[in-house]
Amino acid sequence: MPSPSLCNQIKTAYQNIKTFKQKFDVEYQRAVETGNLEKVKELRAELERKRNILAEKLFSAKWKRFDRFYLPSVERKREYKIMEKLEGHTGHVRTLQVLPDGRIVSGSDDSTIRIWQKDTEGT
């Protein structure tokens, strides 16, 4: 499991990307409209740099691994129901990880990482 300090670093890196992405969208549209290709390249490079920092922090964490062969068998005829639906990714979700504080990290084919947290009502 990652340390609480690393979890905070990951959260901060994620928030930095989220804030920069909002600025990026506005600036990118303006740069495209004005034909300022240098600004477009500069913004893309900065966004990629921030994504790499977050990915580095996530992949350097020591996550608990579970081998499917050592997990208890599950009865095949159990019925499951969806209790919560997490919407936000536009591509297939390829990985999930539950953090020690209960948040969930998901990674998708849409090249995004999302961190999910229960709201004050517990949903």
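Residues numbered from 1 in each chain as written. Predicted model: local features only at pLDDT ≥ 70, side-chain atom pairs only at ≥ 80, totals over all residues. Heavy atoms only, no water.

Chemist: Describe the pattern of salt bridges, naming the residues involved and giving the relevant values.
Modeler: Overall, the coordinates contain 6 salt bridges when judged by the stated rule. In this structure, lysine 39 and glutamate 42 form a salt bridge, with 3.7 Å as the shortest nitrogen-oxygen distance. Of the two residues, lysine 39 and glutamate 42 are both situated in helix 2 (residues 37–60); the distance of 3 residues between them amounts to about one turn of the helix. We classify lysine 39 as partly exposed; its relative accessible area is 28%. (Salt bridge = Lys/Arg side-chain N within 4 Å of Asp/Glu carboxyl O. Helix = DSSP H or I, 4+ residues; strand = E, 2+ residues; numbered from the N terminus. Buried < 20%, exposed > 50% of the residue type's maximum accessible area, 1.4 Å probe, protein only.)

Chemist: Outline the packing of aromatic side chains, supporting the account with residue identities and numerical values.
Modeler: Evaluated as defined, the whole model comprises 2 aromatic pairs. Between phenylalanine 20 and phenylalanine 24, the ring centres sit 6.4 Å apart and the planes meet at 35°, which makes this aromatic pair tilted. On the criterion of helical spacing, the pair formed by phenylalanine 20 and phenylalanine 24 is a turn pair, its members being 4 residues apart in helix 1 (residues 4–34). Ring plane angle 25° and centroid distance 5.3 Å describe the contact between phenylalanine 24 and tyrosine 28, whose orientation is recorded as stacked. Here phenylalanine 24 and its partner tyrosine 28 are both found in helix 1, 4 residues apart, which amounts to about one turn of the helix. (Phe/Tyr/Trp six-rings, centres within 6.5 Å; stacked < 30°, edge-to-face > 60°.)

Chemist: Tell me about the environment of leucine 86, and please be specific about residues and values.
Modeler: For leucine 86, the position within the fold is in the loop between helix 2 and strand 1 (93–98). For leucine 86, a relative accessible area of 47% gives the class partly exposed. Between the C-alpha atom of leucine 86 and that of tryptophan 116, which follows or precedes it by 30 residues, the distance is 7.9 Å.

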